Amino acid sequence: KNYKTMIFAPSLTNEKDNSMKAVSIAREIENVLTEHNRRFGDKVMFGLGVHNGEMIIESPKGGEFKFNSIGNTMPYVKRIADSTSYGIGVSEMVHRRILGKVKSDRIEGTNYWRIGKIRDRETHSDFIGKFMARQKRDAMKK
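Residues numbered from 1 in each chain as written. Predicted model: local features only at pLDDT ≥ 70, side-chain atom pairs only at ≥ 80, totals over all residues. Heavy atoms only, no water.

## Notes on the pattern of salt bridges
Then step 1. Counted according to the given criterion, the structure contains six salt bridges.
Then step 2. In this structure, R27 engages E30 in a salt bridge whose closest nitrogen and oxygen atoms are separated by 2.6 Å. Of this pair, R27 and E30 both sit in helix 2 (residues 19-39), separated by three residues, roughly a single helical turn. For the pair R27 and E30, a shared accessibility class is recorded, and that class is buried.
Then step 3. For R38, the salt bridge goes to E35, with nearest N and O atoms at 2.6 Å. Separated by three residues within a single helix, R38 and E35 lie in helix 2, roughly one turn from each other.
Then step 4. R38 gets classed as exposed once you look at its relative accessible area, which sits at 62%.
Then step 5. Salt bridges here are not isolated pairs; linked through shared partners, they connect E35, R38 and R39. (Salt bridge = Lys/Arg side-chain N within 4 Å of Asp/Glu carboxyl O. Helix = DSSP H or I, 4+ residues; strand = E, 2+ residues; numbered from the N terminus. Buried < 20%, exposed > 50% of the residue type's maximum accessible area, 1.4 Å probe, protein only.)

Written as structure tokens, this is what we have:
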């Protein structure tokens, strides 16, 4: 099959946990492919898989990265993508890390989860912060 792989290594992204970043980018890819399928006759069959596993990543001087999967990381994420069919599937490990940030359902007969809605709390965080500060200030006045 034709697989494309994206790797979010902490050494490259400067973040400790890239699970939510990977799911958010997978959502953007899903939206682009869904829009393509809506607008054009040639449909793209796709499934997106997100998993957190160990890999060896080399950064040679030429700037092109080389990576090797340790254990079953790559076959596992490919199985997730195959079982998802038109959506985003995540492994149990990723599901536990993003539990409060997304709504997801278990894919029947598997140990994978299909991502439903991603809760975007960043959009309203400024308003909520100001609201909470005002509530504390008003409580102190009383």
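There is more to say after this.
## Concerning the packing of aromatic side chains
Then step 1. According to the stated counting rule, one finds two aromatic pairs in the structure shown.
Then step 2. Aromatic pair F46 and Y86: ring centres 5.3 Å apart, planes at 80°, arrangement edge-to-face. A residue pair is termed long-range when its members are at least 10 positions apart, and F46 in the loop between helix 2 and strand 1 (48-50) and Y86 in the loop between helix 3 (73-84) and strand 4 (88-90) qualify at 40 residues.
Then step 3. Residue class for F46 comes out buried when judged on its relative accessible area of 10%.
Then step 4. Its relative accessible area of 39% is what places Y86 among the partly exposed residues. (Phe/Tyr/Trp six-rings, centres within 6.5 Å; stacked < 30°, edge-to-face > 60°.)

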